[in-house]
Amino acid sequence: PAELLGLRPRVRHRRGIDLSPIDVTSAEGALLLKSFVWADQTDRLERLDHAIETLRLDPPVLERGDIAERLPALLADRRLGALTVVYATAVLSYLGDRQADVLTTLDRAGHQFPLAFLWTGQPREGEHSYWGIWIRLWPEGEKVLLAHAGFHGQWLEWLGASE
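None of the values given here were measured: they were computed from a predicted structure.

**Section: the sheet that holds strand S4 (residues 115-121)**
Okay, step 1: In spatial order, the strands read S3-S4-S5-S6-S7; together these five strands make up an open sheet with mixed pairing. Taken across any chain shown, the strands that pair with only one partner, and hence form the sheet edges, are strand S3 (84-88) and strand S7 (156-158). Sheet twist, expressed as the average angle between the axes of neighbouring strands with direction ignored, equals 25°.
Okay, step 2: Packing against the sheet, helix H5 (residues 99-110) makes contact with S3, S4 and strand S5 (131-138), and its axis sits at approximately 155° to S4.

Rendered as structure tokens:
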């Protein structure tokens, strides 16, 4: 929604966790990440170039580790008085049985302090032609579908409050 573009939330701290993080602030890291995009996908390469440029202006702290193992300690070290936002794209689907550990960690933390969890996943049972962007806010813990999106960022459709 257009009114969201006028908002400028203050981000106090950002951290990325990955088993093998790629530092795109380096030329080597950017080239490595770009090598995972099919050569004929020029739109995706352009979006990736723009994302890399944006990230280089204010890079997050990257941490090598397993999200299921590291998330509890990171949430315990949260910044007092601030909403903590955890964002995950496709990682949950790769965790197998340990996905439940991550969700349990989030639920426990959400009952202790302000927490939002944003993730991508199927928008509806059996739907495989696009992604849904979901949010879960605590203490209520209800999940809400915010938007539909193309798999690699080619489009985004925000949903109305009635969806």
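That covers the picture; the talk isn't over yet.
**A word on the packing of helix H4 (residues 67-76) against H5**
Okay, step 1: Axis separation between H4 and H5 bottoms out at 9 Å; the angle between their running directions is 10°. For the element pair H4 / H5, the angle class is roughly parallel. The segment H4 lies against H5, with Ile 67, Ala 68, Leu 71, Pro 72 and Leu 75 engaging Val 102, Thr 105, Leu 106 and Ala 109.
Okay, step 2: In terms of residue class, the contact of H4 with H5 is built from eight nonpolar, one polar and no charged.

Calculation rules
- Position numbers for residues count from 1 along each chain, tracking the sequence in the order it is written.
- Reporting in this predicted model follows two pLDDT cut-offs: at least 70 for local features of residues, and 80 or more for side-chain atom pairs to be given and counted; totals over whole chains, interfaces and linings ignore these cut-offs and use all residues.
- Each side-chain value is derived from all of the structure's non-hydrogen atoms; neither hydrogens nor water enter the calculation.
- At least two DSSP bridges between two strands are needed for those strands to be called paired.
- To qualify as a helix, a DSSP run of H or I must reach at least 4 residues; to qualify as a strand, a run of E must reach at least 2; elements of each kind are numbered from the N terminus.
- Axis geometry follows a simple rule: fit a line to the C-alpha atoms, using only the stretch in contact for helices, then measure angles between N-to-C directions, giving values from 0 to 180 degrees.
- The contact criterion used throughout is that any non-hydrogen atoms of two residues lie within 4.5 Å.
- Each angle is binned into one of four classes, with values under 35 degrees roughly parallel, values over 145 roughly antiparallel, values of 65 to 115 roughly perpendicular, and all other values oblique.
- For this scheme, ten residues count as nonpolar: Ala, Val, Leu, Ile, Met, Phe, Trp, Tyr, Cys and Pro. Four count as charged, namely Asp, Glu, Lys and Arg, and the remainder, Gly too, count as polar.

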